[in-house]
Amino acid sequence: CAEGYRLARLIVDGIDQSITDYPESYTFMNLEADHTINAIFEEIPRYTVTTSAEHGTITENSTAYEHESVTIDFTPEEHYELSSLTIDGETVNLNGDETSYTFTDLTADHTVHAIFTAIPMYTLQIQAEHGTVMETTISLYRGDSYTTRVEPDRFCRLTRCLVDGKEVSLKYVSQNVKLRNIKGDHII
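The present account deals with the structure reproduced in this document. (Residues numbered from 1 in each chain as written. Predicted model: local features only at pLDDT ≥ 70, side-chain atom pairs only at ≥ 80, totals over all residues. Heavy atoms only, no water.)

With respect to the overall build of the chain
What counts, and what does not: Comment: elements are numbered from the N terminus, with helices defined as DSSP H or I runs of at least four residues and strands as E runs of at least two. Atoms counted for the radius of gyration: C-alpha only. Globule rule: 2.2 Å times the number of residues to the power 0.38. The criterion used for residue contact is that any of the two residues' heavy atoms lie within 4.5 Å. The charge count treats Lys and Arg as positive and Asp and Glu as negative. His and the chain ends do not count. For charged residues, the charge sits on one atom: NZ in Lys, CZ in Arg, CG in Asp, CD in Glu.
Helix and strand content of the chain: zero helices and 20 strands. Here the C-alpha atoms of the chain give a radius of gyration of 32 Å, more than 25% beyond the 16 Å that 2.2 N^0.38 yields for 188 residues. Excluding contacts between residues fewer than 6 apart, the proportion of contacts in the chain whose partners are at least 24 apart in sequence is 55%. The chain carries 13 positive and 31 negative side-chain charges, and their two centres are separated by 24 Å.

In structure tokens, the structure reads:
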């Protein structure tokens, strides 16, 4: 077959043959007469995956031959995350860490739409008794970490720390406290 074509029919001596039995060749055994063979080729259909994204990038419209696979990659803008993915108008269930979608056996045109939404921001308010706070209010994205920046007054040291009114263990803390995986507003 020429590129982009496939065998559609194979006719030997006027009789259709199975193209699955003879996908690339046909052998005449014990030739004792004239024969005719007719191979009919058809263009392999090409399908398009039309893509769009809001607040991110996505693989531009892709085309591929029927039964090939196509992977569509998508990436959010900074401080955005994937919130919705629709394939042919149907919402896809998300695990939360998707960065691509693959059509393993392309048999039709498709549409892919990715929507990214802003990652929520939270505010930390930091106060100190007998010390100087370098940042009294700071805004961070969900999942970020933050280490306080407090300079104790002369002859003072950190003896107690409260986060939202609850005491934090100072077992491994020398002067500043680190909050990990922030998921809300806090007062320190």
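On we go from here.
Looking at the sheet that holds strand β12 (residues 121-125)
In a beta sheet, neighbouring strands are held together by backbone hydrogen bonds and run either parallel or antiparallel to one another. Put simply, the test is: By this definition, two strands are paired if DSSP reports at least two bridges between them.
Read across the open sheet, the three strands follow the order β14-β12-β20; overall the sheet is mixed. With partners counted over all chains shown, the strands left at the sheet margins are β14 (137-141) and β20 (186-187), one partner each. By the bridge criterion, two bridges tie β12 to β20 in an arrangement that is parallel. Paired with Gln-125 across the bridge in β20 is Ile-187.

Quick notes on the environment of Leu-179
Put simply, the rule reads: Accessible area is worked out with a 1.4 Å probe on protein chains only. A residue is then buried under 20% of its type maximum, exposed over 50%, and partly exposed in between.
By secondary structure assignment, the location of Leu-179 is in strand β19 (residues 178-179). The class of Leu-179 is buried, set by a relative accessible area of 12%. Spatially, the C-alpha atom of Leu-179 lies 6.3 Å from that of Thr-147, the residues being 32 residues apart in sequence. Beyond its immediate sequence surroundings of up to four residues, Leu-179 is in contact with Asp-144, Ser-145, Tyr-146, Val-163 and Ile-188.

Concerning the side chain of Ser-84
Turning to its location among the elements, Ser-84 is positioned in strand β8 (residues 80-87). Apart from residues lying up to four places away in sequence, Ser-84 is in contact with Leu-94, His-113, Ala-114 and Ile-115.

Here's the deal with the sheet that holds β8
Read across the open sheet, the five strands follow the order β6-β4-β11-β8-β9; overall the sheet is mixed. The open sheet has two free edges, formed respectively by β6 (62-65) and β9 (90-91), since each of these has just one partner strand. Inspection of the sheet shows β8 paired to strand β11 (residues 110-118) by seven bridges, in the antiparallel sense. Pairing of Thr-86 across the sheet is with His-113, part of β11.

Quick word on the pairing of strand β7 (residues 70-76)
In this structure, strand β5 (residues 56-58) lies alongside β7, joined through three bridges in antiparallel fashion. Across the sheet, the residue bridging to Gly-56 is Pro-76, located in β7. With four bridges joining them, β7 and strand β10 (residues 100-103) adopt antiparallel strand pairing. By the bridge assignment, Thr-71 is partnered in β10 with Thr-102.

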